[in-house]
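The primary structure of each chain is shown beneath.
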Amino acid sequence: MKRNEMLFVVIPAYNEEENIPNLLSSWYPELQVCMGENGDFRLIIINDGSTDKTYDILQELKATYDKIIPVTKINGGHGSAVLYGYRYAIENGADWIFQTDSDGQTNPMEFARFWEKRKQYDAILGNREVRGDGQGRKFVENVVCFLLRLFFGVKVKDANAPFRLMRAELVNKYIGKLPQDFNIPNIMFTTYFTYFRENILFLPISFKPREKGTNTINPQKIMRIGWKAVGDFQRLRREMND
């Protein structure tokens, strides 16, 4: 008898005590409906060294939401938390991995369209046609897409959207190419999927401003990440076909 499909939802969180309760109250019932009787899911929420009560709140909410798995780690940034979650999902039997963020910018109601497409594609990636987080962030995304075209020869609609459904075996195929603490893994997964012509689809998604809390990514940090990314892209391009 074929077992039910297992979905692991990977959500990094850093100082999101104000957003966590709403995150779970909005995402949890939507996942229950989408998975139905033929699937199961787990919500892995990675507390990336928060200095507030994020992890304490997650522990308390386990009594209400029995499919959440709160894990905590030393702060290493968004990228390292995402990779931690991906590896956890792969090691624990995920068939599918979905990644989103904990800041309330994505819409749970849009997940169903992605889940419905899973029989046709190995990865369905969000495309933020309208950015609710400001023109500055849209400019950064445009620069990233330009660099990917320059270094890797790939043209993508949105390289880094935190709304992506991927077969676990596809993630596992490429995750070993990245350093364990790589700070922009989703950008490189999008690049690998496109460069190696994997069976993927970009779907439009909405993207609203952060609901509560403080955005820890400031212009100076973006510049540091961007400068490092240029060096990373050069190295990863040389290693592309290894």
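A brief look at the structure comes next. Everything numeric in this text was worked out from a predicted model, so none of it was measured.

**Some details on the overall build of the protein**
Working step 1: Along the backbone of the protein there are eight helices and seven strands.
Working step 2: Buried residues in the protein amount to 49% of all 242 residues.
Working step 3: For the protein, the computed accessible surface area is about 12,000 Å², with 51% contributed by carbon and sulfur atoms.

**Side note on the sheet that holds strand 3 (residues 68–73)**
Working step 1: Reading across from one edge, 3-2-1-4-6-5-7 is the order of the seven strands in this open sheet, with mixed pairing throughout. Because the sheet does not close on itself, it has two edges, and the strands there are strand 3 and strand 7 (200–205). Neighbouring strand axes in the sheet, compared pairwise and without regard to direction, differ in orientation by 20 degrees on average.
Working step 2: Of the pairings in the sheet, the one linking strand 1 (residues 5–13) to strand 2 (residues 39–48) comprises nine bridges and is parallel in character. Residue pairing for strand 2: I11 is matched across the bridge by I45.
Working step 3: The sheet strands contacting helix 2 (residues 54–61) are strand 1, strand 2 and strand 3, and the helix crosses strand 3 at an angle near 155 degrees.

**Side note on the nonpolar core**
Working step 1: Y86, I97, L148, F152, F189, F193 and F233 are the most contacted members of the largest nonpolar core, which totals 44 residues.
Working step 2: Discounting residues that sit within four places of it in the chain, Y86 has contacts with V10, I97, Q99, R164, M166, V171, I175, N186 and F189.
Working step 3: If you look at the next biggest cluster of nonpolar residues, it comprises 32 residues, including I11, I20, I124 and F163.

**Details of the side chain of Q105**
Working step 1: If you trace the backbone, Q105 turns up in the loop between strand 4 (96–100) and helix 4 (111–116).
Working step 2: In terms of polar contacts, Q105 uses its side chain to reach the backbone carbonyl oxygen of K208, at 3.0 Å.

**Section: the pattern of salt bridges**
Working step 1: With the rule as written, the count across this model stands at eleven salt bridges.
Working step 2: The shortest N-O distance in the salt bridge between D48 and K73 comes to 2.7 Å. Of this pair, D48 sits in strand 2 while K73 sits in strand 3; the two residues are 25 residues apart in sequence, bridging distant segments of the chain. Both residues of the pair, D48 and K73, count as buried.
Working step 3: Across the pair E239 and R235 runs a salt bridge, and its minimum N-O distance is 3.4 Å.
Working step 4: Under the relative-accessibility criterion, R235 is labelled partly exposed at 24%.
Working step 5: When salt bridges with common partners are traced through the structure, they connect E5, R118 and K119 into a single cluster.

Rules of the game
Residues numbered from 1 in each chain as written. Predicted model: local features only at pLDDT ≥ 70, side-chain atom pairs only at ≥ 80, totals over all residues. Heavy atoms only, no water. Helix = DSSP H or I, 4+ residues; strand = E, 2+ residues; numbered from the N terminus. Buried < 20%, exposed > 50% of the residue type's maximum accessible area, 1.4 Å probe, protein only. Areas by Shrake-Rupley, 256 points an atom, 1.4 Å probe, with all protein chains shown as cover. Pairing = 2+ DSSP bridges. Axes fitted to C-alpha atoms, helices over the stretch in contact; angles between N-to-C directions. Contact = heavy atoms within 4.5 Å. Core = buried A, V, L, I, M, F, W, Y, C linked by side-chain atoms within 4.5 Å. Polar contact = N/O pair within 3.5 Å; in protein donor to acceptor, adjacent residues only side chain to side chain. Salt bridge = Lys/Arg side-chain N within 4 Å of Asp/Glu carboxyl O.

These figures come from the coordinates and say nothing about function on their own.
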